[in-house]
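Architecture at a glance
So you can see what is in the structure, the chains are spelled out below.
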Amino acid sequence: MNKNAKQKITLGIILILVIVLCALYVQFNNANPTNNLTNKYSNVIINNEKLNIFYFKVGQADCTLITINNKNLLIDAGNKSDGDYIVEFLKEKKLDTIDYFIITHGDLDHSGGAGNVLNNCNVKNMFMPEGIEEAEENYQSLKSVADSNNVQLSKVEISDKFDLDKANFEILSVKNNTNSSANESSIVVKLNYLNTSYLFMGDATQGIEKEIKSDSVDVLKVGHHGSNSSTSSEFLDMIKPKYAIISAGINAKYNHPAEQILQRLRDANIQEKNIYITNNQGTIWLTSDGTNIEIQTRQDINLDGTGQIGKVDILNICSFFNRINYSLLAC
Ligand SMILES: [Zn+2]
């Protein structure tokens, strides 16, 4: 091997070491959000005069924040690894007083981050289905965190109604104290704001959809991450949504959303541009003045705890090597 080749190899090794160290630094910082106020979301300017709904990107999980005039409704809290990121966002945007906190059901992709929210935010009212055997363990562990924070974990019933500033919401479905599956027990919420309406399905199944009574809505948060077991054509015929939002992870094992669901949404006359999916588009941020609805997609509001670790670093390393015309097997 000549001297030139040796120098190149040494330079290559040093470069790789520097990049790996930089990547580890970025990863460490991303993976450990503190609860101190930061300016990470300084580009997120919330107009409190309007209704704001954040359908957060939390991977293969669910977390939706509804905020209007400093009144806040949080529906689900993602996986456990998302909890720190959810709290970080809420604290920075001063939305950490939660008037209503709904855990649609006990599965960990909805309830996993709830402990972090309870420990770090001021939760005034909290609802979750009660007495569901399949979800009992998660219910009890959350109840003990709620108890230690002096928060009452309550149950709701169908037709219960609550005010949220000029908006209000109603419970359209819930199962308490039955042997239903956790998904079937899901709390389904309909939010009304002046001339607009919004439906949040949790992981409710097609069987539950048959029991729901609702007139048309503007925006559907599609049930069960776009699984084929939810969102029947009959249900879409009844609620006639103009927009559909799906929360699903990239390359998640269930492969949500199902292609059949996307087709059913198109068949229900929802325009392709009005179907939003968090996996590729990031957090979906909706604002409304009560008549008009505006939606933007924001890759800079990624609260996916698992997704933040490592992903950025690999991408950075690959793009660097591509730029200097090296090809790495991992890229
Ligand atoms: Zn789920």
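Check the entry above for the structure.
Predicted, not measured: the structure shown is a model, and the values here were computed from it.

What to know about the overall build of the protein chain
Scanning the protein chain from terminus to terminus reveals 11 helices and 17 strands. Out of the 331 residues in the protein chain, the part that is buried amounts to 53%. Here the analysis covers contacts within the protein chain between residues at least 6 apart in sequence; of these, 63% occur between residues at least 24 apart.

Considerations on the nonpolar core
By size, the foremost hydrophobic cluster in this structure holds 36 residues, and its most contacted members are Phe89 and Phe101. Elements supplying a minimum of two residues to this core: helix H2 (83–92), helix H4 (114–120) and helix H5 (136–148). Counting residues per element, this core draws most heavily on H2, which supplies 5 residues. The residues contacting Phe89, other than those within four sequence positions of it, are Tyr41, Val44, Phe54, Phe56, Leu65, Leu95, Ile301 and Leu303. In terms of nonpolar packing, the next biggest core, distinct from the first, is built from 31 residues, Leu51, Tyr193, Tyr243 and Leu286 among them.

Here we look at the packing of aromatic side chains
On inspection of all chains with the given rule, the structure shows 11 aromatic pairs. Ring geometry for Tyr41 and Phe89: centres 5.0 Å apart, planes at 70°, overall edge-to-face. A residue pair is termed long-range when its members are at least 10 positions apart, and Tyr41 in the loop between helix H1 (3–31) and strand S1 (51–55) and Phe89 in helix H2 qualify at 48 residues. Between Phe127 and Phe162, the ring centres sit 5.0 Å apart and the planes meet at 35°, which makes this aromatic pair tilted. Here Phe127, found in strand S7 (residues 126–127), pairs with Phe162, found in strand S9 (residues 161–164); they are 35 residues apart in sequence, far enough to count as distant. A connected cluster of aromatic rings, assembled from ring pairs, spans Tyr41, Phe54, Phe56, Phe89 and Trp285.

Focus: the pattern of salt bridges
Between side chains of opposite charge, pairing is possible as soon as their charged atoms come close. Evaluation of the coordinates by the stated rule reveals 13 salt bridges. Between Lys124 and Asp99 there is a salt bridge, with its nearest N and O atoms 3.7 Å apart. Placement of Lys124 in the loop between strand S6 (122–123) and S7 and of Asp99 in the loop between strand S4 (97–98) and strand S5 (100–102) is noted, with a sequence separation of 25 residues between them. Accessibility expressed as a relative area gives 47% for Lys124, which makes it partly exposed. The partner of Asp147 in a salt bridge is Lys143, and the shortest N-O contact between them spans 3.3 Å. Remark: Lys143 and Asp147 occur in helix H5; sequence separation between them is 4 residues, near one turn of the helix. Residue Lys143 is classed as partly exposed on the basis of its relative accessible area, which comes to 27%. One connected set of salt bridges, linked through shared partners, spans Lys71, Asp99 and Lys124.

Digging into the coordination of the zinc ion
At 2.1 to 2.2 Å from the zinc ion lie its protein donor atoms, namely Asp109 (OD), His110 (NE2), Asp203 (OD) and His225 (NE2). Taken together, the 4 donor atoms coordinating the zinc ion and their angles of 87 to 148° define a geometry best described as irregular. Since its relative accessible area comes to 15%, Asp109 is described here as buried.

Looking at the side chain of His225
Following the sequence through the fold, His225 ends up in the loop between strand S13 (219–221) and helix H7 (233–239). Within polar-contact distance, the side chain of His225 engages the side chain of Asp109 at 2.9 Å. At a separation of 3.4 Å, a polar atom in the side chain of His225 contacts the side chain of Asp203. Contact partners of His225, with chain neighbours within four places excluded, come to Gln60, Ala61, Asp62, Asp109, His110, Asp203, Ile246, Ser247, Ala248, His256 and Pro257.

A few points about unusual backbone geometry
The bulk of non-glycine residues show a negative phi, and the bulk of peptide bonds are trans. Its identity is not glycine, yet Asp165 carries a phi of approximately 50°, on the positive side. Asp165 gets classed as partly exposed once you look at its relative accessible area, which sits at 32%. Phi at His224 takes a positive value of approximately 50°, unusual for a residue other than glycine. Judged by its relative accessible area of 15%, His224 falls in the buried class.

Considerations on H5
In this model, H5 (13 residues) spans 18 Å end to end at C-alpha, consistent with the 18 Å of a helix rising 1.5 Å per residue. Regarding H5, the residues found buried are Tyr139, Leu142, Val145 and Ala146. Relative to the axis of H5, the buried residues are bounded by an arc of 130° and lie together on one face. Residues of H5 that are exposed and angled more than 90 degrees away from the buried face: Glu137 and Ser148. In this structure, the buried residues of H5 make contact with helix H3 (108–111), H4, S7 and strand S8 (153–154). Where H5 terminates, the next one or two residues include Asn150, which has phi positive at roughly 55°.

Reading the values: rules and limits
Residues numbered from 1 in each chain as written. Predicted model: local features only at pLDDT ≥ 70, side-chain atom pairs only at ≥ 80, totals over all residues. Heavy atoms only, no water. Helix = DSSP H or I, 4+ residues; strand = E, 2+ residues; numbered from the N terminus. Buried < 20%, exposed > 50% of the residue type's maximum accessible area, 1.4 Å probe, protein only. Contact = heavy atoms within 4.5 Å. Core = buried A, V, L, I, M, F, W, Y, C linked by side-chain atoms within 4.5 Å. Phe/Tyr/Trp six-rings, centres within 6.5 Å; stacked < 30°, edge-to-face > 60°. Salt bridge = Lys/Arg side-chain N within 4 Å of Asp/Glu carboxyl O. Donors = N, O, S within 2.8 Å, 3.2 Å for Na, K, Ca; no water. Tetrahedral: all angles 85-135°; square planar, octahedral: opposite > 155°, others 65-115°. Polar contact = N/O pair within 3.5 Å; in protein donor to acceptor, adjacent residues only side chain to side chain. Expected span 1.5 Å × (residues − 1). Arc of directions from axis to C-beta.

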